[in-house]
Structure formats: C-alpha cells, structure tokens
Amino acid sequence: MKRLKIILTVSSCFLITAIIYMYICLIVSPKSIHDSGGTKYYRGMGFLAEPENSIDVMVYGNSDVYAGFVPAKLYDEFGYTSYASGTVLQTIGDINKLLRKTLRTQAPKVAVLEVDCLYEKRNKALDDSNFLLAPFVFHVRWKELKLRDFYTIPNRSKKYDIAKGFVHSDEINKYDAGDYMGDKNQKPHPIPRRNLKHLKNFIKICRTNNIKILFLELPSASSWNYAKHNYMNYLSKDLNIPFIDLNVKDSNFNIDFAKDFRDKGDHMNVFGAEKATTYVGRYLKEKYSSILSDRRNVKEYAHWQEVVDYFKKVL
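Everything numeric here is computed off the predicted structure, so don't read it as measured data.

Peer 1: Sorry if this is basic, but what is going on with the nonpolar core here?
Peer 2: Grouped burial of nonpolar side chains is what soluble globular proteins tend to show. With 76 residues, the main nonpolar core has L113, L199, F202, F215, M232 and L284 as its most contacted residues. Broken down by element, the residue count for this core peaks at seven residues, all from helix α9 (residues 270–288). Setting aside its immediate chain neighbours within four residues, M232 contacts V115, L118, Y119, I191, F215, W224 and F243. Grouped together as the second largest cluster of nonpolar side chains are seven residues, C25, I27, Y41 and F138 included.

Peer 1: How should the packing of helix α4 (residues 71–78) against helix α10 (residues 304–314) be read in this particular structure?
Peer 2: To characterise two packed helices, one gives the angle between the axes of the helices and the distance between these axes. At a minimum axis separation of 9 Å, α4 and α10 run at an interaxial angle of 115°. The hand of the α4/α10 crossing is left-handed. Together, P71, A72, Y75 and D76 of α4 and W304, Q305, V307, V308, F311 and K312 of α10 make up the contact between the two elements. Its residues placed into classes, the contact of α4 with α10 shows seven nonpolar, one polar and two charged.

Peer 1: Can you walk me through the pairing of strand β2 (residues 82–86) in this structure?
Peer 2: As a general feature of sheets, a regular strand has side chains that alternate between the two faces. Most of β2 is tucked away, with five of its five residues classed as buried. Every second residue of β2 is oriented toward a common face, with S82, A84 and G86 on one face and Y83 and S85 on the other, all of them buried. As paired strands, strand β1 (residues 57–61) and β2 are joined by five bridges and run parallel to one another. Counted as the bridge partner of M58 is Y83 from β2.

Peer 1: Looking at this structure, how should I read the pattern of salt bridges?
Peer 2: If you walk through the whole model with that rule in mind, you get 15 salt bridges. Among the salt bridges present, the one from K312 reaches D76, with a minimum N-O distance of 3.4 Å. Of this pair, K312 sits in helix α10 while D76 is found in helix α4, placing the two residues 236 residues apart along the sequence. The partly exposed category is assigned to K312, whose relative accessible area is 48%. Looking at D76, the relative accessible area reads 30%, which means it is partly exposed. Linked by salt bridges that have partners in common, K31, D35, R141, E144, R148 and D149 make up one network.

Conventions adopted
- Residues numbered from 1 in each chain as written.
- Predicted model: local features only at pLDDT ≥ 70, side-chain atom pairs only at ≥ 80, totals over all residues.
- Heavy atoms only, no water.
- Core = buried A, V, L, I, M, F, W, Y, C linked by side-chain atoms within 4.5 Å.
- Buried < 20%, exposed > 50% of the residue type's maximum accessible area, 1.4 Å probe, protein only.
- Helix = DSSP H or I, 4+ residues; strand = E, 2+ residues; numbered from the N terminus.
- Contact = heavy atoms within 4.5 Å.
- Axes fitted to C-alpha atoms, helices over the stretch in contact; angles between N-to-C directions.
- Left-handed = near helix turned anticlockwise from the far one by under 90°.
- Nonpolar A, V, L, I, M, F, W, Y, C, P; charged D, E, K, R; others polar.
- Pairing = 2+ DSSP bridges.
- Salt bridge = Lys/Arg side-chain N within 4 Å of Asp/Glu carboxyl O.

Next up, the structure:
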C-alpha cells in the first residue's frame with residue numbers, strides 16, 4: 001500500500017509538471033506571423049492551411065524564396081498553384097521536415113529547391129517548428145506577451161496566408177554588383193557533406209512520391225558565384241535533375257541591380273520577383289505541361305483569383 005502511494009505521488013508530480021510545461025509551451029509559442037519567431041513558425045508552413053491536394057508546385061529554400069518567388073504571379077500568368085515555403089537561413093535539413101509535412105495534406109507535382117540553402121553550414125540544436133521546444137526557441141517572447149497568449153492555441157493549419165509565402169517589398173536599393181560571379185572556370189565549391197546527405201534524402205522522398213524536382217538559384221550578388229554554380233551544375237547532371245541559375249548569362253534572364261533588389265543585391269524586391277517568377281513559369285510550362293494543369297477556369301480554384309487580386313492591390 002505504501003509503495004502504491006509512492007508511485008501515485010511520483011506519477012502525480014510528473015503529470016502536474018508535464019501539464020505546467022505544456023501550458024508554458026502554449027504561452028510562449030507565436031500566435032501570429034507578427035509575433036517574434038512568427039515568420040519561421042507560420043510562414044514556411046502556411047501550406048497547411050491550404051485545401052487538400054490543391055498545391056501543384058512547392059518552392060523550398062531560404063529567404064531568397066519568400067523574397068523572389070510570387071505564387072500569385074505564377075497563377076495569374078500560367079494557372080499553376082504554388083506555395084513559397086521559405087524562411088530565414090533555412091537548411092536542407094529543415095526543408096526535409098517541411099517536405100514531410102507537405103505530403104500530409106498536399107500531393108505536389110513539382111518541387112522547386114532554391115539551392116542557396118545547400119551552402120548553409122548552420123546546424124541547429126533546436127527545432128524552431130517543434131511546439132514542445134517553444135520555451136527554449138521562443139524564450140524572448142516573455143518580453144512581449146499579451147493576454148491572448150495565455151489562452152490562444154497556436155494552430156498552423158488555420159493560418160491561411162493569401163500571399164502564399166511571398167513577402168512583398170517595393171523598396172528599390174540600387175547596387176553596383178560588378179562581376180560578382182567571377183571567373184567562369186572557378187574550381188567547383190562543394191556543399192557540406194551533411195547537406196549532401198540531406199539533399200539525397202530530399203530527392204528520395206520526392207521520387208518515392210512521384211514529384212519532379214527542379215533546382216533553382218535566384219539572383220544574389222552577395223551569396224553566389226561561379227564556384228558554387230559550377231558545383232551545382234555538375235551535381236545536377238550527376239543526379240539527373242534540371243538546374244536553372246538566373247545569375248548566369250546563359251539563362252537569358254535580365255538582372256537589373258539598379259531596380260530589382262531591396263537590399264544591395266541580396267534579396268529581390270517585388271519587381272525582380274515578378275520577372276523571376278515569370279521566367280520559372282515559362283520553364284515549368286515548357287518542361288512539365290504534361291503534369292501541371294492550368295487551374296484558372298476550374299471552379300474549385302476560384303479562390304485563387306482573390307490571391308491575384310490581393311497581390312495586384314498591394315502592388
């Protein structure tokens with residue numbers, strides 16, 4: 001009897017501690033995209049709030065993606081539904097987690113990977129998308145807590161984002177990029193071995209689920225050069241995956257560093273993003289028209305016109 005009492009007492013303590021900890025997780029978790037950490041917690045996973053199996057093109061990557069790819073533009077011009085799943089300094093390891101979450105509710109036909117993320121050397125000890133790690137990841141939120149934080153349950157599946165992950169900026173920051181790509185014959189710069197392992201896992205998941213893969217590098221004078229291009233060009237051929245690099249002249253993409261960037265040649269503004277999206281859209285139409293459908297006259301996708309109208313209004 002005494003032993004049973006001890007067991008019950010210890011179990012009760014564990015249960016109470018667990019309940020208190022879960023409540024703390026609830027309090028500090030971002031409740032909106034505007035809270036500290038909210039962009040990482042919600043923006044990259046906004047596809048969870050989309051109707052099931054309604055997204056045909058998923059675009060994964062770091063901040064270059066949410067600054068340089070416009071789903072509203074892709075739909076308006078080509079009728080393809082898409083989502084820009086990009087967050088700051090996102091790694092390919094993070095992206096694999098997003099890919100698995102994507103497949104719970106979506107069946108994309110094409111996965112576009114913006115390959116700048118493959119050079120991210122950061123190895124996070126904490127997963128900022130894990131609710132149970134919220135007190136460690138979002139501890140700075142104690143300074144900004146509001147009354148709603150004590151009773152609102154964070155729910156990414158209800159955080160509908162009409163911009164589909166794109167972050168609008170019409171700021172123009174003129175920049176003299178010079179010859180930022182350097183010599184065409186630079187020695188290839190390999191991605192970290194850990195990232196290559198994660199990339200092969202990404203490819204395996206996509207191919208298992210009949211998802212076509214496209215490697216993409218959006219223009220960036222601060223993080224890209226021919227050494228990286230040459231390696232990705234070699235790797236893409238070795239993996240039999242097409243690769244578009246909008247930084248090279250061979251792509252026939254017209255980069256204008258005087259008009260198309262928001263922050264000195266690093267992230268594109270909306271004007272550059274529109275141009276890049278149109279270019280990618282043409283490629284998708286040319287290469288994947290057999291698996292991608294124009295949804296513009298399909299009743300079930302009528303809500304996408306609201307997405308286009310919202311984008312044009314903001315523009």
